[in-house]
Amino acid sequence: MAKVTVDGIEVDVPNGSSVLQACEAAGKEIPRFCYHDRLSVAGNCRMCLVEVEKAPKPVASCAYPVNDGMKVFTDSAVVRQARRNVMEFLLINHPLDCPICDQGGECDLQDQAYAFGSDGSRYKEAKRAVKDKDIGPLIKTVMTRCIQCTRCVRFSAEVAGTPEMGGTNRGENLEIGTYVEKALTSELSGNLIDICPVGALTSRPYAFVSRPWELSKTDSIDVLDAVGCNIRVDARGPEVLRIIPRVNEAVNEEWMADRGRFSFDGLKRRRLDRPWVKKDGKLAPATWPEAFAAIATKLSSLPGDRIGAIAGGLADAESTLALKDLMAAYGSANIDCRDDFAAIDTSRPDFYRFNTTIAGIDEADAVLIIGSDVRREAPVLNARIRKRWSLGKFRVGFVGPRGVDLTYPATYVGDGPDAIQGFAETLKAAEKPMIILGRGALQRADGAAVLAAAWALANDVGALKEDWHGFNLLHLFGGQVGGLELGFVPGQGGKDAAAMVAGGVDALWLLNADGFDPARIAAGTFVIYQGHHGDAMAGRADVILPGAAYTEKDATWVNTEGRAQRGRLAIFPPGEAKEDWRIIRAFSEGVDKTLPYNDLHAIRARLASVSPVFGRVGEVARGGCADMAGPAAGAATGGAFVLPLPVYHQADVVSRASDVMAQCAAIYGPAPALAAE
Amino acid sequence: MSKHHHHHEEPVSFAFDAESEAQIATILKRYPEGKQASAVIPLLYVVQKQMKRQTDSGWVPRVGMDAVAERLEMPPIRVYEVATFYFMFNTKPVGKYHLQVCGTTPCWLRGSDEVLRACQDHAGVKHYGETSEDGMFTMTEVECLGACVNAPILQVDDDFYEDLDYDRTVKLLEALRRGERPAPGSSIGRLNSAPEGGPLVLTDVPGAGE
């Protein structure tokens, strides 16, 4: 540790810290543009100048290491003048177009010019202008505003692992861009908007839409993948205008994936905003009482074992629980939340959770990825793996289709379950090995065998220890684990999703269940579809109950780690759509099977009583593996793994309704590994 | 960069020829295993020289940068950054002769304006960055070439022509146009940077002048 005195305040900081970090430890704000906590140090903006005793001139605090006994001054006359002068230089070529700039109101340059700059410029000559670049449908560029901090260059190369941005030419002609015009290939590209300290890189869908102070901001959770990124939903009136990430070190640090960030325009399109009931073979608009009556009539005519329910990837925990309780009230054990028919064993939570936890990846020293394109299934989690890889002494193996670029080097082990032993020696040599099994790898006939084999491998190589749990299942959507935690799986004698769909029930309640082809549902099955988008499954319904999307309800979501997090209502559901658990609660009352909760507090108390996960919201119970016995195996049929999401940008009902995502899908197309088939 | 942006044809592909491959093999040996990206500058020169051999125009097309990136296993953008940073790499085609006029202070004091005027009058190029209509000459302005003792300098491709004035520059250009390649160095017969007309000092040193 080094003792540093900042403006008279003594702080102890670790050796190797920068002066800037010491200043922050002392609670002093240091202005900066190029410096970013999670990127390498560039030291080129010079805004963080401070005075250090005995140093002949101001030093760039971000790039200057501390010394024991160092005295730093952050508010001396020299420092103030230095900041004013740096700011004057930065503004020489920066246009004064704040009134038409989308960064206005949340711009580091604007804020720091106001706080640390002077009141004018001595520069009278012509400003330079830089041609704007086309880097895809998500990011708008106004390159004349660029102050060349190179944060985007470093983010692309270091965090995203797609080194496509760079600085070309030099001096006055230096330009940031891709040189060869192209759409960025990163699934994390939206983060460039957040890290750009000026208005050079802004959100294309948000261009000229709103000012930050006009927005109502709601903290929530992203559910379009299973990472559970902490987000802020910015809305004005009835419309979500943008979604940006919040910091959560244990989950998403400060990043989020493009599908979660840019799909929100899909929340306005193809919405189910009123109930529908099929009359004479055609869906017709109906009232809530008519829709409920149609369901009640049908269900009352059936014995409990001919009724079933399937919950899908975007079903929240509250409504999943309400549906489970409703099915129990009808005497049905036919419930299943595995709408993709994945062979997930729910007999123990560590069979289906990402047990190492996302933050735990930082400690691992080897990983075998089985049947998962982590980069496209969970981009933020993949960035965490990449971050671990970049620190060295970390080996990665991959089993799945050839040609998958994970953004870090991986040893190709094979394409099917038979190959997984091929990396065993490397895992055995590691102290904290991990196995990441993709949910997609369980969506096959021999899924149970794949799961059992992966667990057995984890056990063999020492990934299961009292103080280390290296077995991980990577789910695909934010609602998938909640159902598993609630035991939304067939009870005693109950039928699973495949059996229900194949005619095992006469009435099937689908709660956001969009994970399979509607054509698989047996003819004659009475289908109740509760969801928010008029996607394929709604077309198969006999009754449609319009629900709320994740931005429109107070709901609990469980990420792939088994971490319950609360999403919050940012806007109201459109038209007559309602919060999902209230729909089920209201229905239960009408059929005299009233569920024993009628407000959010009560249903959440019930959640916590069903699974402890819901009693520790925001937390995750991380631990080692206490019981090495694995899940029940099934027959192994072999065969290559097929990745579950053919098109990254269109993977769920929200993104499929999004125009922005459609543009991306048109440009980026299917993932390369699939295109090669 | 030139004020005059001319569109040019980029070749659709680039592959190192045998001569380049031999050079690359030598160059790569200079760097330790895993540090091959350090060879990016020498390899860009290899591309530029191969283009000169093949097309009579020494420049680095984008596909050439890509070939370097692939060979050194580095992201293409990292090569683009280097190639565009150094103006010794021509990122668009140049004429048969690349006239590089030094205009830095010593050359300027010694008459580089006259060298420039000679190029403008006799090479068919009016402005820096321009290529003559016949494709013979491209003229660029360069900063100090490090040969101030023999100022003013005109660098033609890789050769320094020194101690120039208007007339001698014209003669040089005419010779180049005829396909001749005058010997590089001082145009007034100095030996390297020795005084004009032979040594003036230390002439009494035993053995000197013998």
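These numbers were taken from a predicted model, which means no experiment stands behind them.

Moving on, we get to the side chain of Q100 of chain B. All names here are of chain B. Within the secondary structure layout, Q100 lies in strand β1 (residues 97–102). Take Q100: its relative accessible area is 10%, and that puts it in the buried class. Within the local environment of Q100, its side chain forms a polar contact with the backbone oxygen of H98, the two atoms lying 3.3 Å apart. A polar side-chain atom of Q100 sits 3.1 Å from the main-chain carbonyl oxygen of D157. In this structure Q100 touches T140, V142, L145, I153, L154, Q155, V156 and D157, once residues within four positions along its chain are discounted.

The next subject is the pairing of strand β4 (residues 159–162) of chain B. Residue and element names in this part refer to chain B. In the sheet, strand β3 (residues 154–156) pairs with β4 via 3 bridges, with the strands oriented antiparallel. When the sheet's bridge partners are listed, V156 is paired in β4 with D159. What sits between the antiparallel neighbours β3 and β4 is a turn of 2 residues, in which D157 has the positive phi angle 55°. Relative to strand β5 (residues 185–186), β4 runs parallel, the two sharing 2 bridges. By the bridge assignment for β5, E162 is matched with S186. The parallel pair β4 and β5, bridged by helix α7 (residues 166–177), forms a crossover whose chirality is left-handed.

All names here are of chain A. A sheet is described by the order of its strands in space; here 7 strands give the open sequence β14-β13-β26-β25-β24-β15-β16, paired in mixed fashion. Each end of this open sheet is capped by a strand with a single partner; those strands are β14 (282–285) and β16 (335–336). Where strand β15 (residues 307–311) meets strand β24 (residues 507–511), 5 bridges bridge the pair, whose relative direction is parallel. From the neighbouring strand, I307 faces β24, where its bridge partner is A507. Packed onto the sheet, helix α8 (residues 317–329) meets β15, β16 and β24 and runs at close to 165° relative to β24.

So, about the UniProt feature "domain: 4Fe-4S His(Cys)3-ligated-type" (unreviewed entry) in chain A. Here the UniProt-annotated "domain: 4Fe-4S His(Cys)3-ligated-type" (unreviewed entry) positions come out as residues 78–117 of chain A. What you have in residues 78–117 of chain A is 60% helix and 0% strand, and the ends, taken at the C-alpha atoms, are 14 Å apart.

Attention shifts here to the packing of α8 of chain A against helix α16 (residues 580–590) of chain A. A pair of packed helices is characterised by two quantities: the angle between their axes and the separation of those axes. All names here are of chain A. Two elements in contact, α8 and α16, have axes separated by 7 Å at closest approach and are oriented at 20°. By the angle class used here, α8 and α16 are roughly parallel. For the crossing formed where α8 meets α16, the hand is left-handed. Residues E318, S319, A322, L323 and L326 of α8 pack against D580, W581, I584, F587 and S588 of α16. Residues that form the contact of α8 with α16 fall into these classes: 6 nonpolar, 2 polar and 2 charged.

Turning our attention to the UniProt feature "domain: 4Fe-4S Mo/W bis-MGD-type" (unreviewed entry) in chain A. Look at the UniProt record and you will see "domain: 4Fe-4S Mo/W bis-MGD-type" (unreviewed entry) annotated at residues 215–271 of chain A. Along residues 215–271 of chain A the backbone is 9% helical and 35% strand, and the end-to-end C-alpha distance reaches 23 Å.

Residues and elements named next belong to chain A. The parallel open sheet is built from 5 strands, whose spatial order is β19-β18-β17-β20-β23. Two strands close off the open sheet at either side, each with one partner strand: β19 (411–414) and β23 (471–474). Going from strand to strand, the sheet's axes swing by 20° on average, the running direction of each strand aside. Alignment of strand β17 (residues 366–370) against strand β18 (residues 395–399), held across 5 bridges, turns out to be parallel. By the bridge assignment, I369 is partnered in β18 with F398. The sheet contacts of helix α12 (residues 447–460) involve β17, β20 (433–438) and β23, and relative to β20 the element is tilted by about 175°.

Here is what the cut-offs are and how they apply
Residues numbered from 1 in each chain as written. Chains lettered and ligands numbered in written order. Predicted model: local features only at pLDDT ≥ 70, side-chain atom pairs only at ≥ 80, totals over all residues. Heavy atoms only, no water. Helix = DSSP H or I, 4+ residues; strand = E, 2+ residues; numbered from the N terminus. Buried < 20%, exposed > 50% of the residue type's maximum accessible area, 1.4 Å probe, protein only. Polar contact = N/O pair within 3.5 Å; in protein donor to acceptor, adjacent residues only side chain to side chain. Contact = heavy atoms within 4.5 Å. Pairing = 2+ DSSP bridges. Right-handed = clockwise from strand over helix to strand, strands pointing away. Axes fitted to C-alpha atoms, helices over the stretch in contact; angles between N-to-C directions. UniProt positions renumbered as here; feature names shortened; annotations may be inferred. Parallel < 35°, antiparallel > 145°, perpendicular 65-115°, else oblique. Left-handed = near helix turned anticlockwise from the far one by under 90°. Nonpolar A, V, L, I, M, F, W, Y, C, P; charged D, E, K, R; others polar.

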